[in-house]
Amino acid sequence: MRELRTFRARRKSAAERRALLSVQRELRLIDSCSRTKYLKDFLEAFHPYELLFLPEEIESFAKSCDILLIGDYHALPSSQQFTARLAIQLKQEGDRPVIVGVEPIFKRDQAILDDWQAGSIPDSELRMRLRFDNQWGYAWEPFIQMLHMLRRSGIPMFGLDCYPRGDMRRIGTRDRHAAMMVAELEARYPDSQILVSFGESHLAPQHLPAAVKKRLPDAQVHTILQNLDELYWRAAGESVQPPEGVRLSDDVICVFNTTPWEKYQCYRACVEHWRSEGGNKADYAPVFYDLIDALLEFLRIERYADVDEFEPRYFVDLYPEVYGAKSVGTVRRLLERKKLNPQQVRATLYNLIENGSYYVPERNMLLCFSLRLQSAAECAASFVHHACRRLNEAELPWEESEESREEGFYRKVVEYGLVDFGSRVLCSVRPLREEQELFGAYSAEREEVEEAMGFSYRE
């Protein structure tokens, strides 16, 4: 009987399949990831299905779990719209609060997303500070529409991903990181249902679902896939009406909200957009992240925690926001919104203008007007120093704690020496400092240091 249904499905969809052949061939030539084992795991995981189901069954399936993993086809707007509509429906008709975790936003950029959710920054600033076009690359409009729908419904959103993307050797690390974030959200919001929107290839049973179940063995985890080709073709052959979805197992279903032809045409449009863009947008962040990576490798500091450690933390989640400054006024407004005091603002602007880039440890931000290796190396070394100091603290506050003048003096001496060493590792031609210049770097207020130390440097 199953063979007969498969034959009928292939015959019924033959013309529609034929219309897709050329675009599928074109995309396979472009997308080298389609030949990796990771993607093959996904493509081979979901073939037979148990039965067709009705739209109203989707809601009951979604409600009956603690954590709902939703496969996202990034180039397809209907994929993001489905996630937003389902989250809103679950909040309105369910008996639990709902929170949503998304892949396009790094965990380290959560503060930026929080500012947007609070209405403190506009869409344009969110897009720029997330480096959305350079870092994610898919269409902005469907994503921001999803965020707006969730914000209007009062549904909190959280970034789940970590640096770097595009490296298939690290893709399993990203799964473990996302699972770690889901576990942290579950601990912070134990009474909420967690929806996770992540790329569909991550949802093969041995990928993200396995990582989440390892972290949360007692949680009920369900998976909703969207628009898988082979399942669509088979289901279409069994129904006169367009299929709504199929059940693959007790904890996995696949919904259909578009056709394969529409899906691949959307991906094709993305590819054409990437080609026309040419990848020539100025983006300082990769430069600084490369310097940080190089210094961490030299110091033998692992960027990714061992997943078996107790309370692991990924160093890459601490990476600073890199802000490409366009004008002094723009930076001043940003720093004031970040609640830096006037003295900190003046010092930051002075250093930024003088050196081209400057690391602001109080807010874990790296500002850049222009690229100069010596200054960039100092910024990278300063970040690594501050991140290492904060790595083991639970809430990772970046503000300096209260300290005496003497403690502050010695802290600055040690910090200056470590930053100087780190920057020389990255920039060997960095000139030596004179003694008088070093003393000025230790403290902006010489009199305070002398009073604390009980001597006068000028004597």
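The structure this text deals with has already been given above.
Residues numbered from 1 in each chain as written. Predicted model: local features only at pLDDT ≥ 70, side-chain atom pairs only at ≥ 80, totals over all residues. Heavy atoms only, no water.

(A) Broad picture of the sheet that holds strand 10 (residues 357-360). On the basis of which strands lie adjacent, the open sheet formed by 3 strands has the order 9-11-10 and mixed pairing. Single-partner strands in this sheet number two, and they are strand 9 (321-324) and strand 10. Between one strand axis and the next, the sheet turns through 20° on average, direction left out of account. One ladder, built from 4 bridges, connects strand 9 with strand 11 (residues 365-368); its direction is parallel. In the strand pairing of strand 11, glutamate 321 is matched with methionine 365. In the packing of helix 15 (residues 328-337) onto the sheet, contacts are made with strand 9 and strand 11, and the angle to strand 11 comes to roughly 170°. (Pairing = 2+ DSSP bridges. Helix = DSSP H or I, 4+ residues; strand = E, 2+ residues; numbered from the N terminus. Axes fitted to C-alpha atoms, helices over the stretch in contact; angles between N-to-C directions. Contact = heavy atoms within 4.5 Å.)

(B) Empty space enclosed by the protein, seen in detail. Taken as a whole, this structure holds 4 cavities of 30 Å³ or more when the rule is applied. As a volume, the largest cavity reaches approximately 90 Å³. Lining the largest cavity are Asp72, His74, Gln80, Val102, Glu103, Pro104, Trp136, Tyr138, Ala139, Phe143, Met146 and Ser197. For the lining of the largest cavity, the secondary structure elements donating two or more residues are strand 3 (98-106) and helix 9 (140-152). Here the lining of the largest cavity gets 3 residues from one element, more than from any other, and that element is strand 3. (1 Å grid on protein atoms, 1.4 Å probe; cavity = no way out; pocket = protein on both sides within 12 Å on 5 of 7 lines; lining within 4 Å. Points joined across faces, edges and corners; volume = space filled by probe spheres on them.)

(C) Quick peek at the packing of aromatic side chains. The full count for this structure, using the stated rule, is 17 aromatic pairs. Each ring, one from phenylalanine 132 and one from phenylalanine 143, has its centre 5.2 Å from the other, and the planes form 25°; the classification is stacked. Separated by 11 residues along the polypeptide, phenylalanine 132 in helix 8 (residues 132-135) and phenylalanine 143 in helix 9 bring together distant segments of the chain. Neither phenylalanine 132 nor phenylalanine 143 differs from the other in exposure class; each is buried. (Phe/Tyr/Trp six-rings, centres within 6.5 Å; stacked < 30°, edge-to-face > 60°. Buried < 20%, exposed > 50% of the residue type's maximum accessible area, 1.4 Å probe, protein only.)

(D) Spatial organisation of the packing of helix 10 (residues 171-188) against helix 11 (residues 208-215). At a closest axis distance of 8 Å, the pairing of helix 10 and helix 11 adopts a crossing angle of 40°. On the basis of their axis angle, the class for helix 10 and helix 11 is oblique. Along this stretch, helix 10 crosses helix 11, giving a crossing that reads as right-handed. Touching Asp175, Arg176, Ala178, Ala179, Met180, Val182 and Ala183 of helix 10 are Leu208, Ala211, Val212 and Arg215, all from helix 11. Classifying every residue of the contact of helix 10 with helix 11 by side-chain character gives 8 nonpolar, no polar and 3 charged. (Parallel < 35°, antiparallel > 145°, perpendicular 65-115°, else oblique. Left-handed = near helix turned anticlockwise from the far one by under 90°. Nonpolar A, V, L, I, M, F, W, Y, C, P; charged D, E, K, R; others polar.)

(E) The pairing of strand 8 (residues 252-255), seen in detail. Of the two faces of strand 8, the one lined by Val252 and Cys254 and the one lined by Ile253 and Val255 are each fully buried. One ladder, built from 4 bridges, connects strand 6 (residues 221-226) with strand 8; its direction is parallel. Pairing of leucine 225 across the sheet is with cysteine 254, part of strand 8. With 4 bridges connecting them, strand 7 (residues 245-249) and strand 8 associate as antiparallel partners. Looking at the pairing, arginine 247 lines up with isoleucine 253 of strand 8.

(F) Spotlight on the sheet that holds strand 3. Strand order across the open sheet formed by 8 strands is 1-7-8-6-2-5-3-4, with mixed pairing between neighbours. Pairing within the sheet leaves two strands with one partner each, and these edge strands are strand 1 (51-52) and strand 4 (157-161). Alignment of strand 2 (residues 67-72) against strand 6, held across 4 bridges, turns out to be parallel. Bridge pairing in strand 6 places leucine 69 opposite threonine 223. Strand contacts of helix 6 (residues 110-117): strand 3 and strand 4, with the helix running at about 160° to strand 4, the strand carrying the most contacts.

(G) A look at the nonpolar core. The biggest cluster of nonpolar side chains holds 68 residues, and the ones touching the most others in it are Ile67, Val196, Leu231, Tyr319 and Phe383. In terms of residues, this core owes the most to one element, helix 17 (residues 373-390), which gives 8 residues. Listed in part, the 45 residues of the second largest apolar core include Val102, Ile105, Ile144 and Leu147. (Core = buried A, V, L, I, M, F, W, Y, C linked by side-chain atoms within 4.5 Å.)

(H) The arrangement of the pattern of salt bridges in detail. The final tally for this structure, using the stated rule, is 16 salt bridges. The partner of aspartate 109 in a salt bridge is arginine 108, with the nearest N and O atoms 3.9 Å apart. This pair shows no difference in class: aspartate 109 is buried, exactly as arginine 108 is. The partner of aspartate 251 in a salt bridge is lysine 213, and the shortest N-O contact between them spans 3.5 Å. Taken as a pair, aspartate 251 in the loop between strand 7 and strand 8 and lysine 213 in helix 11 lie far apart in primary sequence, 38 residues in all. One salt-bridge network, held together by shared partners, links Glu103, Asp161, Arg165 and Arg174. (Salt bridge = Lys/Arg side-chain N within 4 Å of Asp/Glu carboxyl O.)

(I) Region of interest: the environment of asparagine 355. With respect to the secondary-structure elements, asparagine 355 resides in helix 16 (residues 342-355). What makes asparagine 355 partly exposed here is its relative accessible area of 27%. Sequence separation between asparagine 355 and phenylalanine 369 is 14 residues, and the spatial gap between their C-alpha atoms is 8.6 Å. Excluding anything up to four places from it in sequence, asparagine 355 contacts Arg372 and Ser375.

(J) Representation of helix 16 within the structure. Under the 1.5 Å per step criterion, the end-to-end length of helix 16 is 20 Å for 14 residues, consistent within 8% with the ideal 20 Å. Buried residues of helix 16: Val345, Thr348, Leu349 and Leu352, and no others. Down the axis, helix 16 shows its buried residues gathered within 95° of arc, on one side only. Away from its buried face, by an angle of more than 90 degrees, helix 16 presents the exposed residues Gln343, Arg346 and Tyr350. In the core, the buried residues of helix 16 are packed alongside helix 15, strand 10 and strand 11. Directly beyond the C-terminal end of helix 16, a positive phi value near 95° is found at glycine 356. (Expected span 1.5 Å × (residues − 1). Arc of directions from axis to C-beta.)

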